[in-house]
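Each chain is listed here by its residues.
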Amino acid sequence: MWATALVGGVLLAANLACAQSQNETGQHPGWPRWCGKVYESGYPSFEPGGHTTEPALINADGSPNLYVQFKPRHSIYLEGETKGSFVVNAALSSWYGEPWKNSTSDGGSATEPFTELFFTISLASGSDSSTPLTKGSMKINTTETNFDFDLSGFEPRAAPYEVVLSAASKSGDQTYSANSSFRYLPDITPEGSATKIDNLNGGLLFRNAQTGGAFIPLLPYGFYGLYNGSNSTTESDAFVSEYSSDGKGLNGIVSLAGFADTNPVYNSMDASTMRFMFDLRSSYKNLTEVQQRVNTIKRHSSLFAYWTADEPDGWQVPFDVTPAAQELIHELDPYHPVAVTLNCQDYYFGEYSAGGDILMADPYPIAINSTFSKWGTACNSTLGDCGCDNCKGNVQDVSSRLDNLIQYEKWLGRWPLPKFHNPQAFHGEDYWFRDPTPAEAFVMNALAFNRGAAGIFAWTWPTSQELFDAHSQMASVVTNAPVLDFLLGGRPDGTIQIADQPLVDISYWVNGTQVMISVVNGAYDDVGGSPSISLPVAATDITAVPFGGLQWELSEGRLTVEILPAMSANLIILN
């Protein structure tokens, strides 16, 4: 009887909401759900679906295939650039690719190991030329290898150039192919801007008049920010000056409420070193509105990207909405990439990430009750919303979330997209009971950098003065050389472990003759006893400690410090 009444009540509630939620994804559209899970009391839990899982083995015996992929090094090239390059992967994969065996023969009795792949990259069929753009060879099971090609003979145009890679073993008895495209666009106007995605290193390059016509590395760091909406140029100039600490702190913003499309605040940013991501979250479902707004804003020299969907996975938005907005923006303005923000730990990642050139992740784990929600339900993998999906309520939720996204891309066989971290800089809504401390903010960001994050946008500004100062301090370090050169010079080259310290997270980057070590203590206790770190490469001396302020010592190939403080982030550069 009780079960019948419960189901009857659930169905009544569902019918009331049905008119506006018929197109939601997942199970039980119309029920109050987040990340596919029902969160209000009075509803039964259920498996939400949408999980990204490891693919089945492509060969029953577990032997690998050869998975050949390639991309242009940069997402766009502009008129006047004479050299482009392709990044080629020739990885052995248990999930994707074409059959491979470790021997090659010309048909005679002699065979040799198939350890090198030979290839050409040419314009696709139907093009004006069959001459390869580039050719080369690479070792089997190597990735991220660059091969240059000549751009000088191409006509700049809006449409991409389709290209095909044809590859074979030395004897030609095993063959492979892959398809890609590159954009070679007309040059920007003197008042405009352009942003390249670096498909090798996972970061951004930016160009406008202030960069002297050159593309320079950009690690955007700032807040999702509000503005008072004033049409006074004096006020907008003052806002930009205060927010950016006169160009010495934060260098980016996602423009939220108060940033009307024609507000002079955009002109104030054009005149500064600030860069903005344009907010289309209220418009991306209406393509007519997207067109109007993009055509209004795209002329600004401080524009570096567009932001369409805010947590479409959480809202269970139909899968085709964000890709449609992305496609239109690419047509209207191919000079700037499109970002989406994902909130869920594991709800249709493949579908919801398909509409972005940049993926932003916003786990907000500080001061939550991770097991029981304000809605009167438990929080677990099939039920509830506790403010951070499937989180434990600690700083490690940030690193776990980014680790998840990286793993999902691998399981889906995709080329990795740039990742931005959206740190928590707020409290409230009966989910989050306090702000993060500055130390927690530093650690969450450092954990993200240790996973290759190439941008930071905290939610939201205005925030407390304490957190504004903390993020401005970190921004002044990571958005400038020498730290910038490591963070955007490539994803981390590796990690280092300290025995019996699972919450100490260490990554390193090698850049030329130097190495940068990022040491993060994500525990609320000090690590005493002079913790020691075995270095991955030989080093002669410590050249700088750009962040953290500790007194590190180098001796016999090890970094040591007297005490590694609780909840601390540290950057050390060595020769």
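This structure is a prediction, so every number in the text was calculated from the model and none was measured. Each chain has its residues counted from 1, following the order in which its sequence is written. Side-chain atom pairs in this predicted model are given and counted only at pLDDT of 80 or more, local residue features only at pLDDT of at least 70, and totals for whole chains, interfaces and linings cover all residues. Remark: hydrogens and water are excluded; side-chain values derive from all non-hydrogen atoms of the structure.

## Let's talk about the environment of L559
Moving on, step 1. Along the chain, the position of L559 falls in strand 32 (residues 558–560).
Moving on, step 2. For the pair formed by L559 and A539, sequence separation is 20 residues and the distance between their alpha carbons is 9.9 Å.
Moving on, step 3. Between two residues, a contact is recorded if the distance between any of their heavy atoms is within 4.5 Å. Setting aside residues no more than four positions away along its own chain, L559 makes contact with I517, P531, S532, I533, L535, I542, W552, E553, I572 and L574. Numbering of helices and strands runs from the N terminus; a helix is a DSSP stretch of H or I covering at least four residues, while a strand is a stretch of E covering at least two.

## Some points on the packing of aromatic side chains
Moving on, step 1. By convention, a stacked pair of Phe, Tyr or Trp rings (six-membered ring in the case of Trp) has centres within 6.5 Å and planes under 30 degrees apart, an edge-to-face pair has planes over 60 apart, and any other such pair is tilted. Throughout the structure, instances matching the rule amount to 43 aromatic pairs.
Moving on, step 2. With a centroid separation of 5.3 Å and 90 degrees between ring planes, the pair formed by F154 and F182 is classed as edge-to-face. Taken together, the positions of F154 in the loop between strand 11 (142–150) and strand 12 (161–168) and F182 in strand 13 (residues 175–182) put the pair 28 residues apart, joining distant regions of the chain.
Moving on, step 3. Think of it in three bands: with a 1.4 Å probe and only protein chains considered, a residue is buried below 20% of the maximum accessible area for its type, exposed above 50%, and partly exposed in between. A residue is classified by how much of its surface remains accessible, and F154, at 12% relative accessible area, is buried.
Moving on, step 4. The rings of Y227, F239, Y243, F259, Y266, F276, F278, Y306, W461 and F468 are connected pair by pair, giving a single aromatic cluster.
Moving on, step 5. Placement of a charge over a ring requires the Lys NZ or Arg CZ to be within 6 Å of the ring centre, with the centre-to-atom vector within 35 degrees of the ring normal. A cation over a ring is seen here: K196 above F215, with NZ or CZ 4.6 Å from the ring centre.
Moving on, step 6. Its end group placed over the ring of Y431, K374 keeps NZ or CZ at 4.2 Å from the ring centre.

## Comments concerning the confidence of the model for the protein
Moving on, step 1. Confidence of the predictor in every single residue is expressed as pLDDT, which spans 0 to 100. Confidence along the protein averages 95 in pLDDT terms, with 95% of residues attaining 70 or more.
Moving on, step 2. Below pLDDT 50 for its whole length, residues 1–20 participates in 10 contacts with residues either more than four positions away or in separate chains.

## A word on helix 8 (residues 438–449)
Residue pairs three or four apart in sequence face the same way in an α-helix, which turns once every 3.6 residues.
Moving on, step 1. Each helix should span, by expectation, one fewer than its residue count multiplied by 1.5 Å. Taking 1.5 Å of rise per residue, 12 residues should cover 16 Å, and helix 8 covers 17 Å from first to last C-alpha, within 8% of that figure.
Moving on, step 2. Summarising burial for helix 8: 11 of the 12 residues are buried, a large majority.
Moving on, step 3. Along helix 8, the residues that are buried comprise P438, E440, A441, F442, V443, M444, N445, A446, L447, A448 and F449.

## What to know about helix 9 (residues 465–478)
Moving on, step 1. Spanning 14 residues, helix 9 covers 20 Å between terminal C-alpha atoms, matching the ideal 20 Å at 1.5 Å per step.
Moving on, step 2. For helix 9, the full list of buried residues reads L467, F468, A470, H471, S472, M474, A475, V477 and V478.

## Let's talk about the pattern of salt bridges
Moving on, step 1. Only one rule defines a salt bridge in this text: a Lys or Arg side-chain nitrogen within 4 Å of an Asp or Glu carboxyl oxygen. For the coordinates displayed, the defined rule picks out 14 salt bridges.
Moving on, step 2. For R281, the salt bridge identified is with D310, shortest N-O distance 3.7 Å. Residue R281 is located in the loop between strand 20 (275–279) and helix 4 (287–297), and its partner D310 is located in strand 21 (residues 303–310); the two are separated by 29 residues in the primary sequence.
Moving on, step 3. The class for D310 is buried, based on a relative accessible area of 18%.
Moving on, step 4. The salt bridge involving R451 is made with D403; its shortest N-O contact spans 3.1 Å. Highlighted residues: R451 in the loop between helix 8 and strand 25 (455–461) and D403 in helix 7 (residues 396–411), separated in sequence by 48 residues.
Moving on, step 5. When its relative accessible area of 36% is taken as the criterion, D403 is described as partly exposed.
Moving on, step 6. The network of salt bridges with shared partners includes D279, R281 and D310.

## Brief notes about the packing of helix 7 against helix 8
Moving on, step 1. Helix axes are fitted only over the stretch in contact, all axes being lines through C-alpha atoms; the angle between N-to-C directions runs from 0 to 180 degrees. Where helix 7 meets helix 8, the axes come as close as 8 Å, and the angle between the chain directions of the two elements is 20 degrees. As summarised for this structure, helix 7 and helix 8 are arranged roughly parallel, according to the angle between their axes. Considering the relative orientation of helix 7 and helix 8, their crossing is right-handed. On helix 8, the residues touching Q396, V398, S399 and L402 of helix 7 are M444, L447 and A448.
Moving on, step 2. Amino acids are sorted into nonpolar (Ala, Val, Leu, Ile, Met, Phe, Trp, Tyr, Cys and Pro), charged (Asp, Glu, Lys and Arg) and polar (every other residue, Gly among them). Within the contact of helix 7 with helix 8, the residues separate by chemical class into 5 nonpolar, 2 polar and no charged. Angles are sorted into four bins: roughly parallel if under 35 degrees, roughly antiparallel if over 145, roughly perpendicular if 65 to 115, and oblique for all others. Should the near helix be turned anticlockwise from the far one by less than a right angle, the crossing is termed left-handed; should it be turned clockwise, right-handed.

## Structural notes on the state of the cysteines
Moving on, step 1. Cysteine sulfur atoms are paired as a disulfide whenever they fall within 2.5 Å. Per the counting criterion, the structure on display carries 3 disulfides.
Moving on, step 2. Here C379 pairs with C386 through a disulfide, and the sulfurs are 2.0 Å apart. Judged by the sign of its S-S torsion, about 95 degrees, the cystine formed by C379 and C386 is right-handed.
Moving on, step 3. Paired through a disulfide, C388 and C391 show a sulfur-sulfur distance of 2.1 Å. The chirality of the disulfide connecting C388 with C391 is left-handed, given an S-S dihedral of about -50 degrees.
Moving on, step 4. Assessed through its relative accessible area of 5%, C388 is described here as buried.
Moving on, step 5. The exposure class assigned to C391 is buried, which follows from its relative accessible area of 8%.
Moving on, step 6. Each bonded cysteine of the protein is numbered by sequence order, and under that numbering the disulfide pairs are 1-2, 3-4, 5-6.

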